[in-house]
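# Chains, contacts and geometry: an overview
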Amino acid sequence: MNSALVKKDTFALWKKNLSSFWSIYRQNSMGLIGMVILLIFALMAILGPYLVDITIMTVDGVTQVIHPPTSEYWLGTDDLGKDILAGVIVGSRVSLMVGLAATAISMVIGTVVGIVSGFYGRVVDALLMRFTDVFLVIPWLPLMLVMAALLGPSLGNIIFVIGITSWAGTARIIRSQTLSVKERPYVERARAIGSGDTHIMFYHILPNVFPLIFANTVLVAAVAILSETTLSFLGMGDPTQVTWGMMLHFAFSMGAVSFGAWWWLLPPGICVVLVVLSFTFIGYALDEVLNPKLRRRDQ
Amino acid sequence: MNMRGYLLRKFIQASITIFIVVFMNFFLFRIMPGDPIRVLIRNPKISADALERVREQFGLNESRLVQFWIYLRDLFSGDLGTSFNYRQPVWDIVMERVPATVLLIGTATVLSIIIGVLLGVIFAWKRGTRVDIVGLSVSLVLYSMPTFWVAIIMVMIFAVYWQIFPLGGMGMPGTFYASAWAELTSQLRYMFLPTITFTLILIGEYVLIMRSSLLEVMREDYMLTARAKGVNNRNLLLKHALPNAMLPVVTLIAINLGFIVGGTIQIETVFSWPGLGRLMYTALTNRDYPVLQGLFLLITIAVIGANFCADILYRYLDPRVKS
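Quantities reported herein were computed from a predicted structural model and do not represent experimental measurements. (Residues numbered from 1 in each chain as written. Chains lettered and ligands numbered in written order. Predicted model: local features only at pLDDT ≥ 70, side-chain atom pairs only at ≥ 80, totals over all residues.)

Right, let's talk about the overall build of chain B for a bit. Broken down by element type, chain B carries 14 helices and zero strands. Overall, chain B shows an N-to-C arrangement of helices and strands of α-α-α-α-α-α-α-α-α-α-α-α-α-α. Counting only C-alpha atoms, chain B reaches 85 × 60 × 40 Å along its principal axes. Across the 323 residues of chain B, 33% fall into the buried class. (Helix = DSSP H or I, 4+ residues; strand = E, 2+ residues; numbered from the N terminus. Buried ≥ 20, exposed ≤ 12 C-beta atoms within 10 Å, placed from the backbone.)

The next point concerns the overall build of chain A. Broken down by element type, chain A carries 13 helices and zero strands. Its helices and strands taken in sequence order, chain A reads α-α-α-α-α-α-α-α-α-α-α-α-α from the N to the C terminus. Of all 299 residues assigned to chain A, the portion counted as buried reaches 44%. Taking the intrachain contacts of chain A between residues at least 6 apart in sequence as the baseline, contacts between residues at least 24 apart amount to 70%. (Contact = placed C-beta atoms within 7 Å.)

Our next topic: the packing of helix H2 (residues 29-51) of chain A against helix H3 (residues 84-120) of chain A. Residues and elements named next belong to chain A. Relative orientation of the contacting elements H2 and H3 amounts to 125°, with a least axis distance of 7 Å. By the criterion of interaxial angle, the relationship of H2 to H3 is oblique. In this structure, H2 crosses over H3, and the sense of that crossing is left-handed. Counting all contacts with H2, which are made through Phe 41, Met 44, Ala 45, Gly 48, Pro 49 and Leu 51, the residues of H3 involved are Ile 89, Val 90, Ser 92, Arg 93 and Leu 96. A per-class count over the contact of H2 with H3 returns eight nonpolar, two polar and one charged. (Axes fitted to C-alpha atoms, helices over the stretch in contact; angles between N-to-C directions. Parallel < 35°, antiparallel > 145°, perpendicular 65-115°, else oblique. Left-handed = near helix turned anticlockwise from the far one by under 90°. Nonpolar A, V, L, I, M, F, W, Y, C, P; charged D, E, K, R; others polar.)

This part takes up the packing of H3(A) against helix H7 (residues 168-181) of chain A. Residues and elements named next belong to chain A. It is at 7 Å that the axes of H3 and H7 come closest, and there the two elements cross at 35°. Crossing of H3 over H7 shows right-handed handedness. Packed against H3, whose contacting residues are Ser 106, Met 107, Gly 110, Thr 111, Val 113, Gly 114, Ile 115, Ser 117, Gly 118 and Phe 119, the element H7 presents Thr 170, Ala 171, Ile 173, Ile 174, Arg 175, Thr 178 and Leu 179 at the interface. The residue makeup of the contact of H3 with H7, split by class, is eight nonpolar, eight polar and one charged.

This next bit is on the interface of chain B and chain A. On the chain A side, the residues contacting the 38 residues of chain B number 34 residues. Of all the secondary-structure elements, those providing two or more residues to the side of chain B that touches chain A are helix H1 (3-31), helix H6 (130-143), helix H7 (147-161), helix H11 (247-271), helix H12 (276-286) and helix H13 (289-317) of chain B. Each residue belonging to the side of chain B that touches chain A can be placed in one class, and the counts come to 28 nonpolar, nine polar and one charged.

Quick look at the environment of B:Arg211 now. Residues and elements named next belong to chain B. Looking at the secondary structure, you find Arg 211 in helix H8 (residues 180-218). When the C-alpha positions of Arg 211 and Ile 122 are compared, they lie 8.1 Å apart, and in sequence the two are 89 residues distant. The contacts of Arg 211, once residues within four sequence positions are left out, are Gly 120, Phe 123 and Ala 124.

The α-helix advances 3.6 residues per turn, and as a result positions three or four apart in sequence lie on the same side. All names here are of chain A. Compared with the 54 Å implied by 1.5 Å per residue over 37 residues, the 53 Å span of H3 between its first and last C-alpha is a close match. Gly 91 marks where H3 bends most, by close to 35°. One or two steps after H3, the chain reaches Gly 121, where phi turns positive at roughly 65°. (Expected span 1.5 Å × (residues − 1). Bend = angle between axes of the 7 residues up to and from the residue.)

Attention now goes to the environment of A:Ile89. On the secondary structure map, A:Ile89 appears in helix H3. Classification of A:Ile89 as buried rests on a count of 22 C-beta atoms within 10 Å.

Counting 144 residues, the largest nonpolar core has A:Met144, A:Leu145, B:Ile152 and B:Leu295 as the members making the most contacts within it. Per-element accounting of this core gives the leading share, 16 residues, to helix H9 (residues 197-233) of chain A. (Core = buried A, V, L, I, M, F, W, Y, C linked by C-beta atoms within 7 Å.)

This part is about the confidence of the model for chain A. Any segment with low pLDDT has predicted coordinates that should not be analysed in fine detail. All names here are of chain A. When pLDDT is averaged along chain A, the result is 83; 88% of the residues meet or exceed 70. Predicted confidence in chain A is weakest over helix H13 (residues 292-298), with a mean pLDDT of 49, and strongest over helix H6 (residues 155-165), with 92. A low-confidence stretch, residues 295-299 stays under pLDDT 50, and its non-local contacts, those more than four residues away or across chains, total one contact. (pLDDT = per-residue confidence, 0-100.)

Look at A:Arg122: it is not a glycine, yet its phi comes out positive at around 45°. Note that A:Arg122 resides in helix H4 (residues 122-137). A:Arg122 sits in the exposed class, given 7 other C-beta atoms within 10 Å. Of note in this structure, B:Ser272 is not a glycine but carries a positive phi near 50°. Counting through the fold element by element, B:Ser272 comes out in the loop between H11 and H12. A residue is classified by how many C-beta atoms lie within 10 Å of it, and B:Ser272, with 15 of them, is partly exposed.

Below, the structure is given as structure tokens:
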């Protein structure tokens, strides 16, 4: 068998798996709603700067500050006369980017720790899992706040802090799956023909824990977006960047609550809730697709 | 494994975790960029001579290992350092604010467990109906909301628009009340919004876990046996299903503690509640590192301790774990 043929087979297999995945997934209305909301926000994040005239982001004199919605400014203005709608649209880009980048870091750490721990077992496992437990038990928000405060406010630091504190749950899940995968015959066969540890972990274990990683990513993403909002709100964000969390931070510290400026406080929060909710919905749907036991039970 | 062995193992595990946290807490505040002396002095024009004297005074000229040893020694004698901002021992500042936070967290936790378990039972009993679907959706939405944002909305509705409750705080210091009753109602008015907000935040998870746990239990064989024996619906729920279904709730309380701590930071910030959460926020904004460090350590130890207790309680409650 030549390698081109193998590639073609792999491709066909992928295509078949994907289409069977989709045929189950699309029956799940929750998953579909989540996907649609997320797509809308993704479009907003990508097209944002082209949709919004950048001039309405700039200060617009003193007559228009903290103004309720008008026909010109659909969501009103903030204390500097900036358009809230423009802020929400532009903010989607950085908010989503921070969430996704932090999720990526968290997933890489969680997957590596989980697979290595499960694969090697014994001392390695005991040490890594002890370490994982420490991260599981430490209250996450104080830890993130302390780290963010020490590193200083910047987007990179926020991403790093969220990523480095949120991998423990993933590591535990991946580890238990690895424990069951490594006992399967093909792993033994690979070892018999002389495959190294790294090769086995990468080519035999990783593909088999992948569905789990996939489902978990979505849930971690929801947590990461919430974390970014909370850290920014508590003053740990980058003041030069527009994110939903930073908008809420400025609104709160400028006294939007006592002004009753709902148009300033509600839109960024609603965006966060919608994005988190859509990730959660997709997570539930994926769980049902990837976990046939759950599917049968609901019928 | 017998109870004593189990206790010992859990205790050693918790101790190791605490030691790692102490270690992390020390080095986190030292390996981070920036010279601690610069943060301490806040005067960029200080002479090299004076700098050296301060360095000596705070033991910063010693090696890292010696510094760690001094830190440990001080820690065990209850010395967490002195606040940059308040110029008082960190321990005293923290302890002063414990009661307010315990009051808030305690009330909200008890309320959310009672209401959450109740709703969970109702939803499980009526699964698939409109009540169940609406209830689940609301729980899910509440769960997706940033805590501080819910707090802000509550303040806007009840304190700004309707002005039924105060904006925040814990009552005016030095106010004279006509009677004990007047004092109590005033205190309750201040407590109401933060407590209700916290309860709303916490309740979702209890509802979800109680519902799924009860549904799980109702599928067990012993439930069928009980029904076959002629146990009526009421007793079936109260005597057979609930005690078993409550077990995950116990674990959730412990797991949730980290979440609760995170929640209290946000809620106390929005409501200006004079507890540990607000202390953390002010320490963050003032870059008051000793307070931040001490607070982080004490909160973490409290959470680890609570987890340890929950482990033991769980084992005591669930005889199946013992074997």
